[in-house]
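# Geometric and topological summary
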Amino acid sequence: MAFNPTPRQFKALKAVLFLLALLPFLRMAWLTATGVPVDPVEFLTHGSGDWALYLLCATLAVTPLRRLTGWNWLVRLRRMVGLYTFFYAFMHFTTFLWFDHFFDVAAMWKDVLKRPFITVGFAAFVLLIPLAATSTNAMIKRLGRNWARLHKLIYLIAPLAILHYWWMKAGKHNFEQPIVWGSVVAVLLLLRVWWSVGRTSARAEKRPAPASVRS
């Protein structure tokens, strides 16, 4: 029997999820403020980037989990997880712009165009912006069906994020984590392809056969 929380239970779950997603930021802020990391810029850059990727995967996992468990209420948590994904991606980008380039936009652009792993990471971040900007109820109503089409950009953002992560780790010949998270993203996207092919086949089977034409 599928678990279906009451409105009160759902509010509690939402509050717990909100706090859990905020904890990495609070931890990074506390450790940086108390001078724990030897290199605080690297610590913030990697920490924010890692959590943006983890939460991106969590966002992609909502639909498969809903389909496999029958917990349709999970969809109502996806927006929060997606916004937290943008929050950490924004923190990742801001750290890069602020501490690496001291808000020198020209120098930042030169770096973006010069280094491929930064190029794809920047592209993924830019594509996240319209998704975050259209996550309000008002924008969902205003865009209608176009909202769903726009938010399919996540299927492009996810591979770009993995490529960014892969190339960044390649500099240190550390491929273990990129392989793990790349595999997670691949499975989550392939499940969607599988279900989409299944739906197309089911529609084709239900379609009535064309009537024979008499000569």
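Residues numbered from 1 in each chain as written. Predicted model: local features only at pLDDT ≥ 70, side-chain atom pairs only at ≥ 80, totals over all residues. Heavy atoms only, no water.

## As for the overall build of the chain
Each helix and strand in the chain was counted, giving nine helices and zero strands. Seen in sequence order, the chain has helices and strands lined up from the N terminus as α-α-α-α-α-α-α-α-α. For the chain, the C-alpha atoms occupy an extent of roughly 80 × 50 × 40 Å along the three principal directions. Looking at the chain as a whole, 33% of its 215 residues qualify as buried. Within the chain, contacts between residues separated by at least 24 positions form 64% of all contacts whose residues are at least 6 apart in sequence. Accessible area of the chain: about 14,100 Å², with a carbon and sulfur share of 68%. In the chain, which carries 25 positive and 8 negative side-chain charges, the distance between the mean positions of the two groups comes to 23 Å. (Helix = DSSP H or I, 4+ residues; strand = E, 2+ residues; numbered from the N terminus. Buried < 20%, exposed > 50% of the residue type's maximum accessible area, 1.4 Å probe, protein only. Contact = heavy atoms within 4.5 Å. Areas by Shrake-Rupley, 256 points an atom, 1.4 Å probe, with all protein chains shown as cover. Lys, Arg positive; Asp, Glu negative; His and termini not counted. Charge placed at Lys NZ, Arg CZ, Asp CG, Glu CD.)

## Quick look at unusual backbone geometry
The phi dihedral of Phe102 falls on the positive side, at around 50°, and the residue is not glycine. By the element assignment, Phe102 lies in the loop between helix H3 (75-100) and helix H4 (105-114). Overall, the relative accessible area of 63% leaves Phe102 in the exposed class. Phi at Phe103 is positive, roughly 60°, even though this residue is not glycine. The residue Phe103 is located in the loop between H3 and H4 in this model.

## Some thoughts on the packing of aromatic side chains
Scanning the entire structure with this criterion turns up 19 aromatic pairs. Here Phe93 and Phe125 contribute two aromatic rings whose centre-to-centre distance is 4.8 Å and whose plane-to-plane angle is 20°, an arrangement assigned as stacked. Of this pair, Phe93 sits in helix H3 while Phe125 sits in helix H5 (residues 116-133), placing them 32 residues apart in sequence. Among the aromatic residues, ring-to-ring pairing joins Phe86, Phe90, Phe93, Trp109, Phe122 and Phe125 into one connected group. Above the plane of the ring of Trp195 lies Arg67, whose end atom (NZ or CZ) is 4.2 Å from the centre. (Phe/Tyr/Trp six-rings, centres within 6.5 Å; stacked < 30°, edge-to-face > 60°. Lys NZ or Arg CZ within 6 Å of the ring centre and 35° of its normal.)

## Considering the pattern of salt bridges
By the definition in use, this model includes two salt bridges. For Lys172, the salt bridge identified is with Glu42, shortest N-O distance 3.4 Å. Taken together, the positions of Lys172 in the loop between helix H8 (154-170) and helix H9 (176-206) and Glu42 in helix H2 (residues 40-69) put the pair 130 residues apart, joining distant regions of the chain. Lys172 sits in the exposed class, given a relative accessible area of 58%. (Salt bridge = Lys/Arg side-chain N within 4 Å of Asp/Glu carboxyl O.)

## Digging into the packing of H2 against H3
For the pair H2 and H3, the least separation of the axes is 8 Å and the interaxial angle reads 160°. When the axes of H2 and H3 are compared, the pair comes out roughly antiparallel. As H2 packs across H3, the resulting crossing turns out to be left-handed. When the residues that make up the contact of H2 with H3 are grouped by side-chain class, the tally is 15 nonpolar, nine polar and three charged. (Axes fitted to C-alpha atoms, helices over the stretch in contact; angles between N-to-C directions. Parallel < 35°, antiparallel > 145°, perpendicular 65-115°, else oblique. Left-handed = near helix turned anticlockwise from the far one by under 90°. Nonpolar A, V, L, I, M, F, W, Y, C, P; charged D, E, K, R; others polar.)

## A look at the packing of H3 against H4
Between H3 and H4, whose axes approach to 9 Å, the crossing angle comes to 120°. Note that H3 runs across H4; the crossing there is right-handed. From H3, Phe93, Phe96 and Leu97 reach across to H4, where they touch Met108, Asp111 and Val112. Broken down by class, the residue content of the contact of H3 with H4 amounts to five nonpolar, no polar and one charged.

## A closer look at the side chain of Ser48
With respect to the helices and strands, Ser48 occurs in helix H2. Leaving out residues up to four positions away in the same chain, Ser48 has contacts with Met28, Tyr88, Met91 and His92.

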